[in-house]
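Observations on the three-dimensional arrangement
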Amino acid sequence: MITIKLGDITKEEIGAIVNAANKGLRGGGGVDEAIHRAAGPSVMEECREIGRCNTGDAVITGAGLLKAKNVIHAVGPVWRGGEKGEAGQLRSCYEKSFEVALKNGIETIALPAISTGVYGYPIEEAADIALRTGKRFEDRFREIRYVCFSDRDFRIYKETLDRLSET
Ligand code: AR6
């Protein structure tokens, strides 16, 4: 099942939440900062041990003080105009997030709109990739939950899912 909600992903009680991380797994702003702040230091310690993660890939850690059981740190692309392979990289980081979740027996997963904040990816195009990729994995999860942080993003996700469901 695919669901879309408006909210703060750090509050989700779920198998795993996905973080929009950077290659150095060193934390930063946006959802990354919120997740590390809420999780406490253990998640950053695990990230340090892992070291780094390429763009388009994802790694898993525990979730410290969060209600989720795991955090999957996915690295989306920086938007550079759309002709530098960004779409493939964004698709890949969703695929890798789902694959690492499945490998770890996770049946419910919450995801933010990766790359659409600091990294500047246009929300309409990013939502299309996020939801198309989710639909390909839908049967293998109990729930894939997209957590939007603004009314606008929430509306765009809803409209995109409706459109994809029609075809
Ligand atoms: N819950 C759900 N979504 C959130 C939350 C939250 N608590 N906080 C922000 N968002 P961003 P990026 C949304 O900038 O573009 C960091 O510095 C936000 O509104 O967090 O992938 C990292 O360390 C937006 O829709 O991630 C990297 O260096 C979405 O999360 C870099 O930013 C993603 O925005 C990654 O940039």
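Structure report, in brief.

Each value, and the rule that gives it
Residues numbered from 1 in each chain as written. Predicted model: local features only at pLDDT ≥ 70, side-chain atom pairs only at ≥ 80, totals over all residues. Heavy atoms only, no water. Helix = DSSP H or I, 4+ residues; strand = E, 2+ residues; numbered from the N terminus. Buried < 20%, exposed > 50% of the residue type's maximum accessible area, 1.4 Å probe, protein only. Contact = heavy atoms within 4.5 Å. Salt bridge = Lys/Arg side-chain N within 4 Å of Asp/Glu carboxyl O. Axes fitted to C-alpha atoms, helices over the stretch in contact; angles between N-to-C directions. Left-handed = near helix turned anticlockwise from the far one by under 90°. Nonpolar A, V, L, I, M, F, W, Y, C, P; charged D, E, K, R; others polar. Near = heavy atom within 4 Å. Areas by Shrake-Rupley, 256 points an atom, 1.4 Å probe, with all protein chains shown as cover.

**Structural notes on the environment of D57**
Its location among the elements puts D57 in the loop between α2 (41-50) and β3 (58-62). A relative accessible area of 28% places D57 in the partly exposed class. Once the C-alpha coordinates of D57 and Y146 are considered, the two residues, 89 residues apart in sequence, prove to be 19 Å apart. Among all residues touching D57, those that are not within four sequence positions of it are H73, A74, V75, C93 and K96.

**Notes on the side chain of T133**
Mapped onto the fold, T133 is located in helix α4 (residues 123-137). When neighbours within four sequence positions are excluded, T133 is seen to be in contact with R91, Y94, E95 and F98.

**Some remarks on the pattern of salt bridges**
One pass over the full model with this rule turns up eleven salt bridges. Its salt-bridge partner being E107, residue R142 comes within 3.1 Å of it at the nearest N-O pair. With R142 in the loop between α4 and β6 (143-148) and E107 in the loop between α3 (86-103) and β5 (108-111), the pair connects residues that are 35 residues apart, well separated along the chain. A relative accessible area of 56% means that R142 is categorised as exposed. Ionic pairing is found between D128 and R163, a salt bridge with its closest N-O pair at 3.3 Å. A residue pair is termed long-range when its members are at least 10 positions apart, and D128 in helix α4 and R163 in helix α5 (residues 151-166) qualify at 35 residues. By relative accessible area, R163 is classed as partly exposed at 41%. Salt bridges here are not isolated pairs; linked through shared partners, they connect K5, E12, E143 and R145.

**Re the packing of α3 against α4**
Taken N-terminus to C-terminus, the directions of α3 and α4 make an angle of 35 degrees; their axes are 9 Å apart at the nearest point. The crossing of α3 and α4 is right-handed. Here A87, L90, R91, Y94, E95, F98, E99 and L102 of α3 lie close against α4, whose contacting residues are A126, I129, A130, T133, G134, R136 and F137. The class makeup of the residues in the contact of α3 with α4 is nine nonpolar, two polar and four charged.

**What to know about the site of the ligand**
In the vicinity of the ligand, 22 residues are found, and the nearest of them are N22, G29, D32, S115 and V118. About the coverage of the ligand: the protein hides 89% of its 700 Å² of free accessible area. Secondary-structure elements contributing two or more residues to the shell around the ligand are β2 (16-21) and α1 (30-39). The dominant element in the shell around the ligand, judged by the number of residues it contributes, is α1, at four residues. The residue inventory of the shell around the ligand, partitioned by class, reads ten nonpolar, nine polar and three charged.

From the geometry alone we can't say anything about function, so treat these as descriptive.
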